[in-house]
Amino acid sequence: MKATRLFQLTALLLVVVSVLTVCWWLFDQQHYMAQRMQESRQLHAEQLGAANALLAAGVPAERVEQLLPDLTIREGKAALSASVDARLAAERRRRLNQYLWEGGFFLLALCACIAVIWRALYAEAEVIKEQDSFLALVSHQFKTPLASLQLSLETMTLRTLTPEQLRTLTERMLSDLTRMETMVSRILDSVRLSRGRVDLKREAVPLASAVGRVVGQFEERARKQHIELETRIPQDLQVLADPLAVDVVVRNLIENALNAVAPVGGGKIAVSSRRSGTEIELAVRDSGVGFRPADEGRLFEKFSRLESGAGGGYYGTGLGLYIVKRLMQLAGGRVAAHSEGVGRGAEFRVAWPAAGLT
Amino acid sequence: MSAQGYRVLLVEDDPLLAAGLAENLRAEGLNVETEGDGNRAVEWFEHSSCDLIVLDVMLPGRDGFEVCRALRARGTMTPVLFLTARGDPADRVRGLEAGGDDYLAKPFHLQEFLLRVRAILRRWDWYKASTAPAAAATLRFAGNEVDFHAFRGRSWNGELQELTEKEAMILKVLAEKPGEIVSREDLLERVWGYDVFPSTRTVDNFILRLRKRFERDPANPRHFLTVWGVGYRFVAESEPTAAEGEP
């Protein structure tokens, strides 16, 4: 981030120079006014001398006051009028105030400009960071299954294997391909969603059948990983959303739950739903690795992959929950996540506008 | 060389890749233990030991580089073969600086992986065998003393020197042939293997480090001498003339 560093230094330099300039203006004005007052006092001293000479020469006091309006004559003696000092002090204050306000405004405008540029640079840095994360993610998420796939194929080529071993390797390769396929879909989804390039329908979607379809696809995986998948969705609930988006949201939530439960060697996932006012809420509760309550905010960020407390590896791709959040935002719904802490399971809730009871 | 009977700790968080690697290592006759978490890999060494660690870089808990550094810091000098999704040179150098012995970028060829595993075990075997006799376990020269088993030494000024595994191995290779020229390529081959480093300059850097540790005047070395364009020569006792050249 060379450009940012350079900008930081330039901005700092500009602020310092501006502060020094304003200080110089104030000092210069102070100095100028002191000089003016000095000159004025000298002039008045001379006027006093002249007035006293005129009075001594018998010129009437009124005439002297007319000739020298800054002086007053009391008891036959000339003195400086009280308003003169006050006028000079007011002039000094006015000039100092003018420079303070102008300088302050100047500094404020400068800081505002710097803030705007800073924001732009920060946004650019964020984009670069996101791109780096994306590359790191693609590296890790693709190269690992790719390495596993290559390893399985080369094992088949190099070694003499029993039919059972061949079957295991084939299953492993299929899993690797599925992982890569899922990753490609998620990346494409997330890119489309983050750029807003989606045209979502709004129609009544029966939630029970939408959830049932997705759960059915995960049942075998859940069974293999000793995970009990329980679904309790009232048949009459309909949400106002895009059917494909509902499918993606439910799929990602259940997959996230499976990924969280698998590292602890099995457990339970409960999918339930209820009507709440004008919304229909879907809750996916798991007995998996959970997360620190402080990480709640990070969960739905793009590329955030929380470390599983049970040590089963980083679970997830870092995109699933981001996709859920974006789709729910576009559907006018909301998302929330809660966990009592690492190792204590988690609950993810999403809510769509209700399409009415049937 | 047969890899029979060696014990390998495989630290990989991806269960499918870990299973594939473990099966292949077992098929080579190695005893394989697996861990999927960086912290647990470090803990594993509290009660166990092995001949080789195959270490993934991106791990939960703590990454592979940190695991390697933690192990080296507590004196575990078991060779490490890094596996990583990143294969850029900077990352490669980071891995080797962390104390790794070799580095393999994913995806890799099974035969290359096994070749590297065998090469590391062979080098480690050579080091252990060559330092096994009591007489060969310690090197004394010009007031310096090096214990090849403990990877520790004491320099001429009494300062304690903690050697890295590579420094100890280079010193061992040089000390095996006192007074003879050992080429940089030879050192690379014996200590690292084939194509781990992009250039032989790496050897030069390690020699500089050894000079700093054991030479009275590292700028005018008397024990680790450069032979221009060829390699290095180790002289146990000071020669009347200074170095024959600088790298």
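Up top is the structure these notes are about.
Note that this is a predicted model, so its numbers are computed, not measured.

Reading the values: the criteria
- Residues numbered from 1 in each chain as written.
- Chains lettered and ligands numbered in written order.
- Predicted model: local features only at pLDDT ≥ 70, side-chain atom pairs only at ≥ 80, totals over all residues.
- Contact = placed C-beta atoms within 7 Å.
- Helix = DSSP H or I, 4+ residues; strand = E, 2+ residues; numbered from the N terminus.
- Nonpolar A, V, L, I, M, F, W, Y, C, P; charged D, E, K, R; others polar.
- Core = buried A, V, L, I, M, F, W, Y, C linked by C-beta atoms within 7 Å.
- Buried ≥ 20, exposed ≤ 12 C-beta atoms within 10 Å, placed from the backbone.
- Pairing = 2+ DSSP bridges.
- Axes fitted to C-alpha atoms, helices over the stretch in contact; angles between N-to-C directions.
- Expected span 1.5 Å × (residues − 1).
- Left-handed = near helix turned anticlockwise from the far one by under 90°.

Caption draft 1: Expanded view of the interface of chain A and chain B. Between chain A and chain B, the contact holds 23 residues from the first and 21 residues from the second. Elements with a contribution of two residues or more to the side of chain A that touches chain B: α3 (82-158) and α4 (163-194) of chain A. When residues in the side of chain A that touches chain B are grouped by element, the largest group, 13 residues, is from α3 of chain A. For the side of chain A that touches chain B, the per-class residue count stands at 5 nonpolar, 12 polar and 6 charged.

Caption draft 2: Geometry of the nonpolar core. Judged by nonpolar contacts, the single largest core of 50 residues is most densely connected at L207, V249, I254, I269 and L327 of chain A. Every element with two or more residues in this core is listed here: α5 (207-224), β4 (227-232), β5 (238-241), α6 (243-261), β6 (267-276), β7 (279-286), α7 (320-330) and β9 (346-353) of chain A. With 11 residues, the top contributor of residues to this core is α6 of chain A. Not counting residues up to four positions away in its chain, the partners in contact with I269 of chain A are I227, L229, I254, A257, L258, V261, V284 and D286 of chain A. Formed by 44 residues, the second largest nonpolar core is a distinct cluster that contains L151 of chain A together with A18, V32 and I53 of chain B.

Caption draft 3: Local environment of the sheet that holds strand β8 (residues 152-154) of chain B. Residues and elements named next belong to chain B. In space, the 4 strands of this open sheet follow the order β6-β7-β8-β9, with antiparallel pairing throughout. Each edge of the open sheet carries a strand with a single partner, namely β6 (138-141) and β9 (160-162). Going across the sheet, the axis of each strand differs from the next one's by a mean of 15°, ignoring polarity. Where strand β7 (residues 144-147) meets β8, 3 bridges bridge the pair, whose relative direction is antiparallel. Directly across from V146, in β8, lies its bridge partner G153.

Caption draft 4: Examining helix α5 (residues 110-130) of chain B more closely. Across its 21 residues, α5 of chain B extends 30 Å between first and last C-alpha, which sits within 8% of the 30 Å expected from 1.5 Å per residue. L110, F113, R116, V117, A119, I120, L121 and Y127 of chain B are the residues of α5 of chain B that are buried.

Caption draft 5: Up close: the packing of α6 of chain A against α7 of chain A. All names here are of chain A. It is the contact of α6 with α7, at a shortest axis distance of 9 Å, that shows an interaxial angle of 145°. As α6 packs across α7, the resulting crossing turns out to be left-handed. Contacts between α6 and α7 involve A245, V248, V249, N252, L253, E255 and N256 from the first element and G320, L321, I323, V324, L327 and M328 from the second. Residues of the contact of α6 with α7, tallied by class, amount to 9 nonpolar, 3 polar and 1 charged.

Caption draft 6: Region of the structure containing the pairing of β6 of chain B. Residues and elements named next belong to chain B. As paired strands, β6 and β7 are joined by 4 bridges and run antiparallel to one another. By the bridge assignment for β7, L139 is matched with V146. In this structure, the hairpin formed by β6 and β7 is closed by a connection of 2 residues, where A142 is found at a positive phi of approximately 45°.

Caption draft 7: Spatial organisation of unusual backbone geometry. The linkage connecting K106 of chain B with the following residue, P107 of chain B, adopts the cis geometry, with an omega of -10°. A positive phi angle, near 45°, is found at E75 of chain A, a position not held by glycine. Mapping E75 of chain A onto the fold places it in the loop between β1 (71-74) and β2 (77-80).

Caption draft 8: Focus on α4 of chain A. In a regular helix each residue adds 1.5 Å, so 32 residues correspond to 46 Å; α4 of chain A covers 46 Å between its end C-alpha atoms and thus fits that length. Buried within α4 of chain A we find L169, R172, M173, D176, R179, R186, D189, S190 and L193 of chain A.

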